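Examining the three-dimensional arrangement
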Amino acid sequence: MEEQIGALRSSLICAFNQLLDLKDLNTGVHSTRLAEWALHVAGELGLDQSYLGDIEVAALLHDIGKIGIADAILNKPAKLTAEEYELMKKHPEYGWAVLRQVAGNGARQLDHSSSPRKLRRQRLSGGLKGEEIPIGSRIVSVIDAFDAMVSSRPYRQGLPFEEAERRLLQASGTPV
């Protein structure tokens, strides 16, 4: 029975990732890339194998909430207005609602990993800080920030690798 549940969970995760590809190929490719990087980083850090599946899921589905964002906003070829940006900032909350359902009992390990915004609120409100934030969450947040910086968007050119690395190092230890 546990094997069947695991296979169903895995199928759901793949299906959600494919839905994201259908909604916005760039976001889907970004999520797949993040999952690969997250597993690489987790391996380099020597993390226990038992964490890898949850980290991979968190990276794959961290932007799943973008399915709930209008195409006109998601694919806008110019800078978002303040109102559009407020709507875009809701995608982590939408995604967390989905991720929590997929994760079931594993939601505790995945908590915060899909939502850098939630992490930011936690830090600013005196909630989770530093080592209290699950390692998988930290990995996904950092590689997500890096990928966002180096990726070109219709309204801006991506940063060179070295500049993105410099900015990450400069921001190290500060709120997400």
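Residues numbered from 1 in each chain as written. Predicted model: local features only at pLDDT ≥ 70, side-chain atom pairs only at ≥ 80, totals over all residues. Heavy atoms only, no water.

Right, let's talk about the overall build of the chain for a bit. In terms of regular secondary structure, the chain is built from 10 helices and 0 strands. For the chain, the sequential pattern of α-helices and β-strands runs α-α-α-α-α-α-α-α-α-α. Within the chain, residue pairs in contact and separated by at least 24 positions form 60% of the contacts whose partners lie at least 6 positions apart. When the accessible area of the chain is evaluated, it comes to approximately 10400 Å², of which 56% is carbon and sulfur surface. (Helix = DSSP H or I, 4+ residues; strand = E, 2+ residues; numbered from the N terminus. Contact = heavy atoms within 4.5 Å. Areas by Shrake-Rupley, 256 points an atom, 1.4 Å probe, with all protein chains shown as cover.)

Tallied over the full model, the rule gives 2 aromatic pairs. Aromatic side chains F146 and F161 sit 5.3 Å apart centroid to centroid with 80° between the ring planes, which places their arrangement in the edge-to-face category. Placement of the pair is F146 in helix α9 (residues 135-150) and F161 in helix α10 (residues 161-171), with a sequence separation of 15 residues. Judged by relative accessible area, which is 48%, F161 ranks as partly exposed. In this structure an aromatic cluster arises from ring pairing among W37, F146 and F161. (Phe/Tyr/Trp six-rings, centres within 6.5 Å; stacked < 30°, edge-to-face > 60°. Buried < 20%, exposed > 50% of the residue type's maximum accessible area, 1.4 Å probe, protein only.)

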